[in-house]
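# Residue-level structure breakdown
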Amino acid sequence: MSLSPKDLTKLMGILDEENIDTPLDNLIKQLHKEFSSQDKFKVGLTLVLLLQQLDLLPHQVSRLIAMSMLYHLYPGEQFSSTPFASVFNQMLKPGDTLSTQDSKSLSSGHIPVLSQSESKFVASLIAFHGVEMLKQTPRQILEELYFTPISVGADQLTKFQLKLAESHAEFPSISKCGIPIILPDSDANKKIDSKKTLQKEIIENLIDGDPPLCSQNYRPEFLRLAPPLYDHPAGGLKWMPVTELSQFSPEYDVNMCVSNSAGAEARRLMRKAFTKVLTPQQQQHLSTELKKDPKLVYHIGLTPSKLPELVENNPLIAIEVLLKLMQSSQITEYFSVLVNMEMSLHSMEVVNRLTTTVDLPTEFVHLYISNCISTCETIKDRYMQNRLVRLVCVFLQSLIRNKIINVQELFIEVQAFCIEFSRIKEAAALFRLLKQLESGDVAGLNASTTKKNLDVS
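Residues numbered from 1 in each chain as written. Predicted model: local features only at pLDDT ≥ 70, side-chain atom pairs only at ≥ 80, totals over all residues. Heavy atoms only, no water.

Attention shifts here to unusual backbone geometry. The backbone of Lys403 shows a phi angle near 55 degrees, a positive value even though the residue is not glycine. Checked against the element boundaries, Lys403 lands in the loop between helix H17 (382–401) and helix H18 (411–420). For Lys403, a relative accessible area of 61% puts it in the exposed group. (Helix = DSSP H or I, 4+ residues; strand = E, 2+ residues; numbered from the N terminus. Buried < 20%, exposed > 50% of the residue type's maximum accessible area, 1.4 Å probe, protein only.)

Looking now at the packing of helix H1 (residues 5–15) against helix H3 (residues 40–52). In the contact formed by H1 and H3, the axes pass within 12 Å of each other and the chain directions differ by 55 degrees. Classified by the interaxial angle, the pair formed by H1 and H3 is oblique. The two elements H1 and H3 cross, and the hand of that crossing is right-handed. From H1, Leu8, Leu11, Met12 and Leu15 reach across to H3, where they touch Val43, Thr46, Leu47 and Leu50. Grouping the constituent residues of the contact of H1 with H3 by class yields seven nonpolar, one polar and no charged. (Axes fitted to C-alpha atoms, helices over the stretch in contact; angles between N-to-C directions. Parallel < 35°, antiparallel > 145°, perpendicular 65-115°, else oblique. Left-handed = near helix turned anticlockwise from the far one by under 90°. Contact = heavy atoms within 4.5 Å. Nonpolar A, V, L, I, M, F, W, Y, C, P; charged D, E, K, R; others polar.)

Now for the environment of Ile203. If you trace the backbone, Ile203 turns up in helix H9 (residues 195–207). Taking relative accessible area as the criterion, Ile203 reaches 0% and is therefore assigned buried. The spatial distance from the C-alpha of Ile203 to the C-alpha of Thr46 is 8.6 Å, given a sequence separation of 157 residues. Ignoring anything within four residues of it in the chain, the contact list for Ile203 reads Leu8, Met12, Leu50 and Leu56.

Another aspect to go through is the pattern of salt bridges. Within this structure, the stated rule accounts for seven salt bridges. Among the ionic pairs, Lys42 bridges to Asp39, the shortest N-O distance being 3.7 Å. What makes Asp39 buried here is its relative accessible area of 16%. Where Arg268 meets Glu265, a salt bridge forms, and the shortest distance between an N and an O atom there is 2.7 Å. One end of the pair is Arg268 and the other is Glu265, both in helix H10 (residues 261–273) and three residues apart, which spans about a single turn. (Salt bridge = Lys/Arg side-chain N within 4 Å of Asp/Glu carboxyl O.)

Of the positions making up H1, those classed as buried are Asp7, Leu8, Leu11, Met12, Ile14 and Leu15. Relative to the axis of H1, the buried residues are bounded by an arc of 155 degrees and lie together on one face. (Arc of directions from axis to C-beta.)

With that settled, the discussion passes to the nonpolar core. Core analysis: the biggest nonpolar cluster contains 62 residues, and Met270, Leu310, Leu338 and Ile369 have the highest contact counts within it. For this core, the element with the highest residue contribution is H17, accounting for nine residues. The residues touching Leu338, leaving out its near neighbours within four places in the chain, are Leu307, Val311, Leu322, Val350, Val351, Leu354, Phe364 and Tyr368. (Core = buried A, V, L, I, M, F, W, Y, C linked by side-chain atoms within 4.5 Å.)

Now for the environment of Gln330. With respect to the secondary-structure elements, Gln330 resides in the loop between helix H13 (315–324) and helix H14 (331–340). A relative accessible area of 33% places Gln330 in the partly exposed class. Sequence spacing of Gln330 and Thr303 is 27 residues, and the spatial spacing of their C-alpha atoms is 9.1 Å.

Our next topic: the environment of Phe41. Here Phe41 shows up in helix H3. The partly exposed category is assigned to Phe41, whose relative accessible area is 34%. Sequence separation between Phe41 and Leu73 is 32 residues; the distance between their C-alpha atoms is 8.6 Å.

Between its first and last C-alpha atoms helix H11 (residues 280–292) spans 18 Å; for 13 residues at 1.5 Å apiece the expected length is 18 Å, and the two agree. Looking at H11, one finds that the buried residues are Leu286, Ser287, Glu289 and Leu290. An end-on view of H11 places all buried positions within 160 degrees of arc, on one side of the element. For H11, the exposed residues set more than 90 degrees away from the buried face come down to Pro280, Gln281, Lys291 and Lys292. (Expected span 1.5 Å × (residues − 1).)

Laid out in structure tokens, this is it:
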């Protein structure tokens, strides 16, 4: 858990105040070149220690470089979920700014009070990721931030702090009340020969060992009251008088000690299914769990309001859960949401599969068809309009060929739709199909290939 003396020398070389005219992005690249991904956490602990102890990293340039490296230690990951995000949250606490360097007298264990330039720099990192600043040198940044006020994105900072609070909400309260075991030098102004060499030796001693001193905290002992003894009556314990054992038989709770991990995994996969496409293996696993326990579908977090998200991301899972909810008292609400959601290939796939599997209410199917036609007529984008018209035409042909709907009940509306978009090949084909039905050419209809699934790209 600690850096070797050789690695510490490399790190201190990057933090040296002589790098005042080196662009920050070059220093960050050097950091990732010198240290492997396995050493990131060790490097982060060392940087936090140096930032906490102002007498170990007194130069403002070094502190600026340390903050930049700590922020960019885990590239490609959401910063609020990285191990050292709470350090920056502590830096951003109201009142933690200082116009002078009178912060050496502060107690150890917390990030010392920041100068105005440092505070602005940290806020810029969190709010704007400091992309432009990384191209500058520490000297340029300090000069610019000292003389120029910076506009910090309050919304971005608030979002960062909320995400961090959510991730820390699960931590027990006892884990938040520790203090580091390192104390600062009470006389930081005394003159010491070879101060830089001594400073390096102190840092080596602090981070050497397993675990290193910089990662240890003192926490108060968590005391638990001893439970009181049972104060039984003077006559002893009360026993149930059993005269005939044949009157009683043992009863067992069959659910005791039975793992509920399957249900937990199904709920986890369903939460993921609302936001992203599941892999084939994940879909198969969720489907298997739903088949094992028919009642599990009522306990995996699906509600009518979440159905559109599930349909767009995982239509096959949506079909399966809707089929299992057919006997539910809420199925009408699910149908209502499905009818009124935005028309798409996935929503039509779900409706088409349901109509070929179960008998859906006629008014539901008719309302969905009317919604599809209305969407095609009102959309402004010509390319998207042509694509949606093709989808609707193939969808209607599938319903007609499978005898899901009685087209006579929607004949006028569908015919007007075909005439309006007669320039599109699929609309012309649907119009010919309507004319075959109108003329009674059932043989021609039966000779056509039955389509149970939509196949339009």
